[in-house]
Amino acid sequence: VDRNGNASPPSETSDGVLPKQLVNIDIGPDAISRVQIIDGEIVRAKIADLAVNSAKIEEIEVGKLRAGTMTANVVVGGRFSTPVVNGNQVQFDNAGIRLYQGNTVVGRWQVSDASMLVTGTYLSALSGRRINILPSGTMLFYPSAGTNFGFIENLDGDLRMSGQFNQDQRAGYLLIDETRAALTYSQIATYNKPRARFQVDPIAAASWAPIISARIDRSLGQPDSLGPRWLYTNFSASGDIGTSIVHLQQLSAASNHAVMYGANSDAGIVFDSGFIGVVHNNINPADVHASGFIQVSALAAKRDVAPVRFGGASAARITQLARARSFYYHHEFEARPQSPGTMLRRFDDEGNDIDPVPGEWTHPPRRPVMHVGPMADDLLAVAPQIVHTDLPQRGTVDSGGLGLSVGTVAGLAYAAAGELADAHDALAAQVAALQTRLDRLDDGVPIVVDGTLTEDS
Amino acid sequence: MSTQDGVGSTEIAVANLSPLQLVQAARAVETTQSSGGSGGTGDGQTAYGPAAATLAAIDPTLVVTLSDTPGDVAVNITNVAGLAWAAAAEAGDRVAALETRVRDLERRLAEFL
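None of these values were measured; they are calculated from a predicted model.

(A) Summary view of the packing of aromatic side chains. Residues and elements named next belong to chain A. Under the definition given, this model contains four aromatic pairs over all chains. Ring centres of Phe149 and Phe151 lie 6.5 Å apart, and the angle between their planes is 75°; on these two criteria the pair is classed as edge-to-face. Of the residues examined, Phe149 reaches a relative accessible area of 27% and is grouped as partly exposed. On the accessibility criterion, Phe151 (9% relative accessible area) is buried. Relative to Tyr329, the ring of Phe327 lies with its centre 5.3 Å away and its plane at 85°, an arrangement referred to as edge-to-face.

(B) Focus on the sheet that holds strand S2 (residues 88-93) of chain A. Residues and elements named next belong to chain A. One open sheet accounts for five strands, arranged S1-S2-S3-S4-S5; its pairing is antiparallel. Because the sheet does not close on itself, it has two edges, and the strands there are strand S1 (79-81) and strand S5 (116-118). Shown here is a sheet whose adjacent strand axes are inclined to one another by a mean of 20°, direction ignored. In terms of strand pairing, strand S4 (residues 104-110) meets S5 through three bridges, oriented antiparallel.

(C) Examining the nonpolar core more closely. Grouped together as the largest cluster of nonpolar side chains are 46 residues, with contacts concentrated most on A:Ile318, A:Leu379, A:Ile386, A:Val387, A:Leu412, B:Leu62 and B:Trp85. Going through the elements one at a time, helix H1 (315-321), helix H2 (376-382), strand S25 (399-404) and helix H3 (406-440) of chain A together with helix H1 (19-25), helix H2 (52-58) and helix H3 (77-112) of chain B are the ones with two or more residues in this core. Leaving out residues up to four positions away in the same chain, B:Trp85 has contacts with A:Ile318, A:Thr319, A:Ala322, A:Arg323, A:Ala324, A:Pro374, A:Leu379, A:Val409, A:Leu412 and A:Ala413.

(D) Representation of the sheet that holds strand S12 (residues 181-187) of chain A in the model. Read across the sheet, nine strands follow the order S6-S7-S8-S9-S10-S11-S12-S13-S14 (chain A) without closing on themselves; strand pairing throughout is antiparallel. This sheet does not close on itself; its edge strands, each paired only once, are strand S6 (122-123) and strand S14 (205-208) of chain A.

(E) Molecular detail of the interface of chain B and chain A. Counting residues at the interface gives 48 residues for chain B and 53 residues for chain A. Buried area between chain B and chain A, summed over both chains or domains, comes out near 4600 Å², and the portion from carbon and sulfur atoms is 64%. Linking chain B to chain A there are one salt bridge. We note a salt bridge from B:Asp93 to A:Arg323, for which the minimum N-O separation is 2.6 Å. On the surface where chain B and chain A come into contact, there are seven residue pairs in polar contact (both at pLDDT 80 or more). Those elements that place two or more of their residues in the side of chain B that touches chain A are strand S1 (6-10), strand S4 (63-65) and H3 of chain B. Among the residues forming the side of chain B that touches chain A, the class breakdown is 25 nonpolar, 15 polar and eight charged.

(F) Layout of the side chain of B:Asp59. Residue position: B:Asp59 is located in the loop between H2 and S4. Those residues in contact with B:Asp59 that sit more than four places away from it in its chain are B:Val14 and B:Ala15.

(G) Just H3(A), in detail. For H3(A), built from 35 residues, the straight-helix expectation of 51 Å at 1.5 Å per residue is met to within 8% by its first-to-last C-alpha distance of 51 Å. Buried-residue contacts for H3(A) involve H1 and S25 of chain A together with H3 of chain B. Sitting at the amino-terminal end of H3(A) is A:Ser405, which places a side-chain oxygen 3.2 Å from the backbone nitrogen of A:Gly407.

(H) Layout of unusual backbone geometry. All names here are of chain A. Its identity is not glycine, yet Asn86 carries a phi of approximately 55°, on the positive side. With respect to the element layout, Asn86 can be found in the loop between S1 and S2. Phi is positive for Ala114, close to 60°, though the residue is something other than glycine. Secondary-structure assignment places Ala114 in the loop between S4 and S5. Since its relative accessible area comes to 53%, Ala114 is described here as exposed.

The rules behind the values
- Residues numbered from 1 in each chain as written.
- Chains lettered and ligands numbered in written order.
- Predicted model: local features only at pLDDT ≥ 70, side-chain atom pairs only at ≥ 80, totals over all residues.
- Heavy atoms only, no water.
- Phe/Tyr/Trp six-rings, centres within 6.5 Å; stacked < 30°, edge-to-face > 60°.
- Buried < 20%, exposed > 50% of the residue type's maximum accessible area, 1.4 Å probe, protein only.
- Pairing = 2+ DSSP bridges.
- Helix = DSSP H or I, 4+ residues; strand = E, 2+ residues; numbered from the N terminus.
- Axes fitted to C-alpha atoms, helices over the stretch in contact; angles between N-to-C directions.
- Core = buried A, V, L, I, M, F, W, Y, C linked by side-chain atoms within 4.5 Å.
- Contact = heavy atoms within 4.5 Å.
- Buried area = accessible area lost by both parts, 1.4 Å probe.
- Salt bridge = Lys/Arg side-chain N within 4 Å of Asp/Glu carboxyl O.
- Polar contact = N/O pair within 3.5 Å; in protein donor to acceptor, adjacent residues only side chain to side chain.
- Nonpolar A, V, L, I, M, F, W, Y, C, P; charged D, E, K, R; others polar.
- Expected span 1.5 Å × (residues − 1).

What follows is the structure, encoded as structure tokens:
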């Protein structure tokens, strides 16, 4: 509309702003300025909804934000807090985040030391493989499926760590308290009847199990000049003591032989094919000291029991055909076993390597002691049934060596004594008969026959 | 106990005694195992054999001196069996000789009669 009241044709576009009627009276251009508006007269109803934008606001008193949602990319404040509902509240400020139940902080993530307080159950995930940390201090380790969990249990300051139990309700667990550390396999529900346990306590390291094994790894070759083995040794405050040791190992020279020996005592036991050999540190036979040797002797344990006969020879005859001789063993005159340059690895009180020491495998010579007995070689010709032919040969572990059972030697001597007693009785009867016949003679000829078995009789 | 292992193998003569004389000089005795040990099953068992001390008095080489109990001596059971074996052989020799003599006496008596 021009100044003369003539209306022009409407514009083709309005750029989204359409003219609206502001007042009900005609007001000319620049007719109302700031001074014409009375203070406080633009009331809430005179401002259109959404008409005030951030450019029109200088300050906001946040105490009047009472409802709705405040959305902002950045909110800066001294402390954020939820309203207290049923005594519960969350606070968030420069000190950290705090969860309140009444006046009690039940959760906190503290800025100063980054420490976190979670008094409820901590869940690393809602399902699948996860960890739950319970308020009691017990941790549960869940598998990817199911609820059969392993756990680390807080036993009033002591610990029990267990794996999942199996279909028999058993599992392995580690118990650590002020008296011991015990690794056990048993029922988890009651922790009774341990099937196997290894325990360390103030005075002992002990094992309980149906089978206790020492498995020696030979895949690593020769750890030292003596080879893979089980080793017993002593130690003191200064570390291992290089003496008083026992070795148990499989002989590399003949893999079916195992030997247990005391290096410093020069004595050992060889577990051979079907027998035990008592030996020095090498494979030479050694003495056995005992109060007796008991041989299984009941008829129930035997077969082919018969009077002693070797072909036509009696026991007494065998003792004559293969007469006992006195002798000494070769090895009683040979050098005593010495270590093959063996250095014994040692450890200090903390388990660190300390200087090794040479193995004390030299021994003073013993006085050779004469032996008495029949030779197996001789008996091989007259009574081969009693000769062992599968013993280690002298100086080797190869079979083919000859030997005799001392029980059989004593048994043959026993049988011979019986036969000789029979012979004596028969002779005594013959002599008595002779005496009787001579007594009937009355010719005065003296005959000296007294019936005794002396050379003078 | 084979010739492969032995050296100095010889006829047995200990202190100028034959084996039979030796077993007579050191006759076997009956003993009862004392309970001085650790309560083994041998305690109270009766045993028979020559006394080591008696054998040692005849010839010390017949016994073994135990290193862990100084002064104590022991008998090698293989030697006891071997000596019994040798004594049996010797006794067999003597019995055979006596048998020969008795047969001879019987023959002479028969001839006399």
